[in-house]
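Each chain, letter by letter, is given below.
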Amino acid sequence: MTPDRLDPTAPAALLDGLTGRDCPVCGAPERGAHPFLSASIDPARIGTLSFASRKPPEYMSFRLVRCGTCETVFAAEAPSAEALAHAYREAGYDSAEEARFAARTYAEALAPYLRPAHRGGTALEIGAGSGIFLRDLQRLGFAEVIGIEPSHAAAEAAPADIRPHLRIGVFEPGEHAPGSLSLICCFQTLEHVPDPRALTRAAYDLLRPGGLIAFVTHDYRAPINRLLGRRSPIIDIEHMQLFCPASLRRLLGEAGFGDIAIGAIRNRYPLRYWLRLLPLPGRLKPATLAAAEALGLGGRGVALNVGNLMSVARKPE
């Protein structure tokens, strides 16, 4: 599927106002970082799905470098926070089926870390999409659930019972009282935010003692991502930074969190989704997708370890 173009000024707003960045995790100067990937962006291919979740991969990226201090890979030049917020606000949404599968995976992985005190509190999800994971948080026993999502299209796709719990926009710490939250989730979103260090430190302040923060992120050091290189789906114009266990531990530890647990997570998605991610040449991909659908296999769930990490950490009591 070819995504519709954003308005004609959107690519220019994203690409013309790039500013230099230092490491967004430890603050080390960009000049001390190591080259990772050169920039590869085609403005003509930027469309409404370029900043949408679980889209077909485009293999475009800004110039990426690897921090010599904390090992974070990050875009050395990036659009302004305002330009990114506009891109996400106008992004399309075409991943309802995958979102349901992902929510189930995340709920199963998160449940063992929850204590009775968490389940009676308030949970906040940053980058909630259509809010489908908020239902799982309700089933896990949270008394109040809040989702923050910048994309109007994603929020409009939310089920009627979930829409009252969704707030359209970006994460604004001042909208929540310090020490008022029991859980903050940020799944497949931390790569997208302009300042992950500020987000993590703000989350620490908003959590009550004993509260949890949970990330799901890509691991650029995972064997499959190292094998695929630029053809890995994690190489994406949306990703301002990419993590590995060392950089995540640094991010969470410096924010003050303890009991840091970081481990691989097996994602379960329909077979058609996995096939969309394969870097197949030419017409082979649509032919493979069509064959899977013809055989009735497109919707069959398949669980794979594709180099994603779940990180859970606790605010000391």
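So, here is what we can say about the structure in this document. (Residues numbered from 1 in each chain as written. Predicted model: local features only at pLDDT ≥ 70, side-chain atom pairs only at ≥ 80, totals over all residues. Heavy atoms only, no water.)

With 37 residues, the main nonpolar core has Tyr106, Leu110, Phe133, Leu137, Phe142, Leu183 and Phe187 as its most contacted residues. Elements with a contribution of two residues or more to this core: α3 (96-110), α5 (132-139), α6 (152-156), β9 (181-187), β10 (207-218), β12 (258-270), α10 (271-277) and β13 (301-314). At seven residues, α3 tops the list of elements feeding residues into this core. The residues touching Phe133, leaving out its near neighbours within four places in the chain, are Ala103, Tyr106, Ala107, Leu110, Glu125, Cys185 and Phe187. (Core = buried A, V, L, I, M, F, W, Y, C linked by side-chain atoms within 4.5 Å. Buried < 20%, exposed > 50% of the residue type's maximum accessible area, 1.4 Å probe, protein only. Helix = DSSP H or I, 4+ residues; strand = E, 2+ residues; numbered from the N terminus. Contact = heavy atoms within 4.5 Å.)

Here we take up the sheet that holds strand β3 (residues 64-66). As summarised here, the arrangement of the four strands in space is β2-β3-β4-β11, forming an open sheet in which the pairing is antiparallel. The open sheet has two free edges, formed respectively by β2 (34-37) and β11 (241-242), since each of these has just one partner strand. As paired elements, β3 and strand β4 (residues 73-75) share three bridges and run antiparallel to each other. Residue pairing in the sheet places Val65 in a bridge with Phe74 of β4. (Pairing = 2+ DSSP bridges.)

Structurally, the position occupied by Asp136 is in helix α5. A relative accessible area of 11% means that Asp136 is categorised as buried. Residue contacts for Asp136: discarding those within four places in its chain leaves Ala103 and Ala107.

Moving on to helix α7 (residues 196-206). Those residues of α7 that sit buried are Pro196, Leu199, Thr200, Ala202, Ala203 and Leu206. Buried residues in α7, looked at end-on, bunch into an arc of 165°, giving them a common side. Residues of α7 that are buried sit in contact with β6 (122-126), β9, β10, β11 and α9 (245-255). (Arc of directions from axis to C-beta.)

Checked against the element boundaries, Ala264 lands in strand β12. Apart from residues no more than four positions distant in its own chain, Ala264 is found in contact with Asn305, Asn308 and Leu309.

Between two packed helices, what matters for the description is the angle formed by their axes and the separation of those axes. Two elements in contact, α3 and α5, have axes whose closest approach is 8 Å; the angle formed by their N-to-C orientations is 30°. Of the two possible hands of crossing, α3 and α5 adopt the one that is right-handed. Counting all contacts with α3, which are made through Ala99, Arg100, Ala103, Tyr106, Ala107 and Leu110, the residues of α5 involved are Ile132, Phe133 and Asp136. Taken together, the residues of the contact of α3 with α5 sort by class into seven nonpolar, no polar and two charged. (Axes fitted to C-alpha atoms, helices over the stretch in contact; angles between N-to-C directions. Left-handed = near helix turned anticlockwise from the far one by under 90°. Nonpolar A, V, L, I, M, F, W, Y, C, P; charged D, E, K, R; others polar.)

Turning our attention to α9. Among all positions in α9, only Ser247, Leu248, Leu251, Leu252 and Ala255 are buried. Burial along α9 is one-sided: seen end-on, the buried residues are contained in an arc of 125°. On its buried face, α9 is in contact with α7, β10, β12 and β13. Remark: Gly256 follows α9 within two positions and exhibits a positive phi of approximately 110°.

On to unusual backbone geometry, then. Here Glu71, not a glycine, exhibits a phi torsion of approximately 75°, which is positive. According to the relative accessible area criterion, Glu71 is partly exposed, its value standing at 27%. For Asp259, which is not a glycine, the phi torsion comes out positive at approximately 50°. Inspection of the secondary structure assignment puts Asp259 in strand β12. Among the residues examined, Asp259 registers a relative accessible area of 59% and is labelled exposed.

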